[in-house]
Amino acid sequence: MSRFLLNRLLGMVVVLFGVCLFTFVIFFVLSPDPAVQICGKNCTPEAIDQIRENLGLDQPFWTQFWTFISGLFVGRTYGTGPNAIDCAAPCLGYSFQTSQPVTDMIMQRLPVSATIAIGAALLWLLSGVAGGLISAVREGRFADRFIAGLTLTGMSIPNYVLALSLQFVLVVTLGWLPFPQAVSFGNDPLQWFLNFLMPWIVLAIGAAAVYTRLTRANVIESLQENYVRTARAKGLSPGLVWRRHALRPALTPIVTIFGMDFANLLGGALITETVFGLNGVGKLAADSITKNDQPVIMAVTLLAAFLVVVGAMVVDLLYTAIDPRVRVGSAK
Amino acid sequence: MSTATDTAAPLLRVRGLTVGFPTAAGTTDVVKSLDFDLERGGALGIVGESGSGKSMTSLAIMGLLPKGATRSGSIEFDGTELTTLRERAMRAVRGDRIAMIFQDPLSSLNPYYTVGTQIAEAYRSHRKGVTRRQARTVAIEAMERVHIHDAARRVHHYPHQFSGGMRQRVMIAMMLSMEPELIIADEPTTALDVTVQAQILDLLAEIRADTGAGLILITHDLAVVSEVTDHIVVMREGDLVEQGSAERIFTDPQEEYTRMLLDAVPRIDDEIGLLRTTAAPSAEEDR
């Protein structure tokens, strides 16, 4: 087991290194010269050279890459002398447009994205699994068809349409929800909850539809399994047959996609955060793209990749706990 | 139908058993008015090709027919009419007094639980107030009885860690732990290779000798029934073709179809001739 863990960790490091390199190459090769942007309108070639030197942009590619990587672990310093800017580890870069270390910018936004992600994930997991179960139990009946209709609708509405119409209907027209205000959970838990309710719903609906269909299909399939027939032939009560022999195999695959979906969302929900004006990582990315703030875009990209890789790893570990067949080191 | 045994009280008495499935064109009967008896301690073979209704017969006895299937006629087990039992009462019979093993032992075992758990859960659900520990002990004993070595350790293993023959032994241990009065084995050796088949059949015979349980062996393979059973029912397309003592069926088959089935069993002293198919000729007779 520990060897399996070690292998997985090593694999993760390799993947993350590759992601870093790839991202770095893209921004190194494809982006316009950051020095020119920083320099501004009244710029001389000397000034640009000076900025290049300060940022280390005059260094060869591998040196720059190395500085970036080492910056993640030990921090780095931009420029020299009195104007030097310190960027503590883990240094994801420095945004010259906002004069802030990128790491700080992301850390400020991460709690918001995490709140959105956790709430939405809970919502879609619960409603998706419940909907799928009801559909499976009532297969072919009215409830099943009704839910099928809902899931189809949920899957086909684009996020931004749903977000805008919810906002219009619930806040503007009906007035059921208050206008979002900047409050912390401690100050006004109710307002805080209502602020996040719409983003949660918007993000959850598409996923809930997918999870409903998946759960329904898995449960119906597992009820056909021979071991369910065995369980019945043993004279087990229907509750036990369902819980042990139908649900567990049916719900296990959901763990996999849930881990990935959740990790994905943690890296920021670009559209939803923007529409609802929530200062999460997604909105940070959207703002940075319009301003072409490259260090931030790059950092957000890396963060998303990191979260997905870590999410996949967590899913793998969970899977070994849940499914005995993939347990390594438990051979005959 | 010569030797139709009709003594005092057979263990199982099936009369007019009909199983129907709804189709677009109305109900199709896959088992048509079947009659047979199983004596106490007797062994009955139900033989037929795929689609002959033999598996549906066993599921009908267990009350485990697929959704939508209908069952009529009478199934009397040890004096109790099963067809009119409520589901709850039927559940008490199922697994406890009538146990069943299936064709494919891997898919018939749940991959997510240890074999010990799966043997013990049946025991615990039928014997109220049994502790986990007691049930585990029963599971280990049952595994020892089906000759699984090192049962105390293997009880913690998962189905995928067993070979095909061992899995079928686990299935048998599962049913054996309940000490059933009737064992229904639906193609128990079909998924296994020939040497393992013989071991499993020996095991079934041994258990029958030990416990005195009745056995219904369902198979398409006459070689298998010839080793284990003393009475044979031949089925085709839901109809009973003929039944009688195993000896008579083998030495003096009355029906053309039975003869064909017998011919299909390869024998070591056979000349290799044309393969006889079972298709057209007897079709009118059956309908």
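Residues numbered from 1 in each chain as written. Chains lettered and ligands numbered in written order. Predicted model: local features only at pLDDT ≥ 70, side-chain atom pairs only at ≥ 80, totals over all residues. Heavy atoms only, no water.

Moving on, we get to a positive patch on the surface. On the surface, Arg138, Arg141 and Arg232 of chain A together with Lys67 of chain B cluster together to form a positively charged patch. As for its position among the elements, Lys67 of chain B is in the loop between helix 1 (54-62) and strand 4 (70-77). Taking relative accessible area as the criterion, Lys67 of chain B reaches 78% and is therefore assigned exposed. (Patch = residues over 30% accessible without salt bridge, like charges linked within 9 Å, V, L, I, M, F, W, Y side chains within 5 Å. Areas by Shrake-Rupley, 256 points an atom, 1.4 Å probe, with all protein chains shown as cover. Salt bridge = Lys/Arg side-chain N within 4 Å of Asp/Glu carboxyl O. Lys, Arg positive; Asp, Glu negative; His and termini not counted. Charge placed at Lys NZ, Arg CZ, Asp CG, Glu CD. Helix = DSSP H or I, 4+ residues; strand = E, 2+ residues; numbered from the N terminus. Buried < 20%, exposed > 50% of the residue type's maximum accessible area, 1.4 Å probe, protein only.)

All names here are of chain A. For the coordinates displayed, the defined rule picks out 1 disulfide over all chains. Here Cys20 is not disulfide-linked; the sulfur of Cys91 is the nearest cysteine sulfur, at 13 Å. Take Cys20: its relative accessible area is 10%, and that puts it in the buried class. (Disulfide = S-S within 2.5 Å.)

In this section: the interface of chain A and chain B. Contacts between the two partners involve 24 residues from chain A, matched on the other side by 28 residues from chain B. Interface of chain A and chain B: buried area, both sides summed, is about 2500 Å²; carbon and sulfur atoms make up 56% of it. Linking chain A to chain B there are 2 salt bridges. Between Lys234 of chain A and Glu121 of chain B there is a salt bridge, with its nearest N and O atoms 2.8 Å apart. Viewed at the interface, chain B and chain A are joined by 11 residue pairs in polar contact (both at pLDDT 80 or more). Only helix 9 (226-233) and helix 10 (238-266) of chain A provide two or more residues apiece to the side of chain A that touches chain B. Of the residues that constitute the side of chain A that touches chain B, the class distribution is 8 nonpolar, 7 polar and 9 charged. (Contact = heavy atoms within 4.5 Å. Buried area = accessible area lost by both parts, 1.4 Å probe. Polar contact = N/O pair within 3.5 Å; in protein donor to acceptor, adjacent residues only side chain to side chain. Nonpolar A, V, L, I, M, F, W, Y, C, P; charged D, E, K, R; others polar.)

What follows deals with the sheet that holds strand 10 (residues 239-245) of chain B. All names here are of chain B. One open sheet accounts for 6 strands, arranged 6-7-8-3-9-10; its pairing is mixed. Only two strands of the sheet have a single neighbouring strand rather than two, namely strand 6 (98-101) and strand 10. On average, adjacent strands in this sheet sit at an angle of 15 degrees to one another, irrespective of strand direction. Where strand 6 meets strand 7 (residues 182-186), 4 bridges bridge the pair, whose relative direction is parallel. Across the sheet, Met100 pairs through a bridge with Ile184, a residue of strand 7. Sheet contacts for helix 11 (residues 256-264): strand 3 (43-47), strand 9 (231-236) and strand 10; angle to strand 9, the most-contacted strand, approximately 105 degrees. (Pairing = 2+ DSSP bridges. Axes fitted to C-alpha atoms, helices over the stretch in contact; angles between N-to-C directions.)

Residue and element names in this part refer to chain B. Evaluated as defined, the whole model comprises 19 salt bridges over all chains. For Asp78, the salt bridge is made with Arg97, and the minimal N-O distance between the two is 2.8 Å. Of this pair, Asp78 sits in the loop between strand 4 and strand 5 (80-81) while Arg97 is found in the loop between helix 2 (87-93) and strand 6, placing the two residues 19 residues apart along the sequence. Asp78 sits in the partly exposed class, given a relative accessible area of 28%. Between Glu242 and Arg248 there is a salt bridge; the shortest N-O distance is 3.3 Å. A single salt-bridge network, built from bridges that share partners, covers Arg40, Asp78, Arg97 and Glu181.

Below, the discussion takes up helix 10 of chain A. Residues and elements named next belong to chain A. For helix 10, which comprises 29 residues, the first-to-last C-alpha distance of 39 Å matches the rise-based estimate of 42 Å (1.5 Å per residue) to within 8%. The largest bend in helix 10 comes to about 45 degrees, at Leu247, with the proline Pro249 one to four residues further on. Among the residues trailing helix 10, Gly268 stands out with phi positive, at a value near 110 degrees. (Expected span 1.5 Å × (residues − 1). Bend = angle between axes of the 7 residues up to and from the residue.)

With that settled, consider helix 4 (residues 115-126) of chain B. Under the 1.5 Å per step criterion, the end-to-end length of helix 4 of chain B is 18 Å for 12 residues, consistent within 8% with the ideal 16 Å. With respect to burial, helix 4 of chain B is a largely interior element, 10 of its 12 residues being buried. Here the buried face of helix 4 of chain B lies against helix 10 of chain A together with helix 2, helix 5 (132-145), helix 6 (151-154) and helix 7 (164-176) of chain B.

Whether parallel or antiparallel, the strands of a sheet pair through hydrogen bonds between backbone atoms. One open sheet holds the 4 strands; their spatial order is 2-1-4-5 (chain B), and the pairing between them is antiparallel. Of all strands in the sheet, those with a lone pairing partner are strand 2 (26-38) and strand 5 of chain B, marking the two edges.

Moving on, we get to the domain arrangement of chain A. Domain annotation for chain A reports domain 1 (33-91) and domain 2 (105-326). Relative placement of domain 1 of chain A and domain 2 of chain A: their C-alpha centres are 40 Å apart. (Domains from an automatic or database assignment.)

This paragraph deals with the packing of helix 5 (residues 102-137) of chain A against helix 10 of chain A. Residues and elements named next belong to chain A. One way to put it is that helix 5 packs onto helix 10 with a least axis distance of 11 Å and a crossing angle of 150 degrees. In terms of axis orientation, helix 5 runs roughly antiparallel to helix 10. Considering the relative orientation of helix 5 and helix 10, their crossing is right-handed. Across the interface between the two elements, Leu110, Ser113, Ala114, Ala117, Ile118, Ala120, Ala121, Trp124, Leu125, Val129, Leu133 and Val137 from helix 5 touch Trp242, Leu247, Leu251, Ile254, Phe258, Asp261, Phe262, Leu265 and Leu266 from helix 10. Residue composition of the contact of helix 5 with helix 10, by class: 19 nonpolar, 1 polar and 1 charged. (Parallel < 35°, antiparallel > 145°, perpendicular 65-115°, else oblique. Left-handed = near helix turned anticlockwise from the far one by under 90°.)

With that settled, consider unusual backbone geometry. Backbone geometry places Ser99 of chain A, a non-glycine residue, at a positive phi of 55 degrees. In this fold, Ser99 of chain A is placed in the loop between strand 3 (94-95) and strand 4 (100-101). Positioned with a positive phi, Glu187 of chain B is a non-glycine residue whose angle comes to about 50 degrees. Tracing the backbone shows Glu187 of chain B in the loop between strand 7 and helix 8 (194-211). Judged by its relative accessible area of 6%, Glu187 of chain B is buried.

Take the nonpolar core next. Residues and elements named next belong to chain B. Within the largest apolar cluster, 81 residues are counted, with the highest numbers of intra-cluster contacts made by Leu12, Phe36 and Ile216. Here this core takes 7 residues from helix 7, the largest share from any one element. Contacts of Leu12, omitting those with residues within four sequence positions, involve Phe36, Asp37, Leu38, Ile61, Ile75, Glu76, Phe77, Leu182 and Ile216. (Core = buried A, V, L, I, M, F, W, Y, C linked by side-chain atoms within 4.5 Å.)

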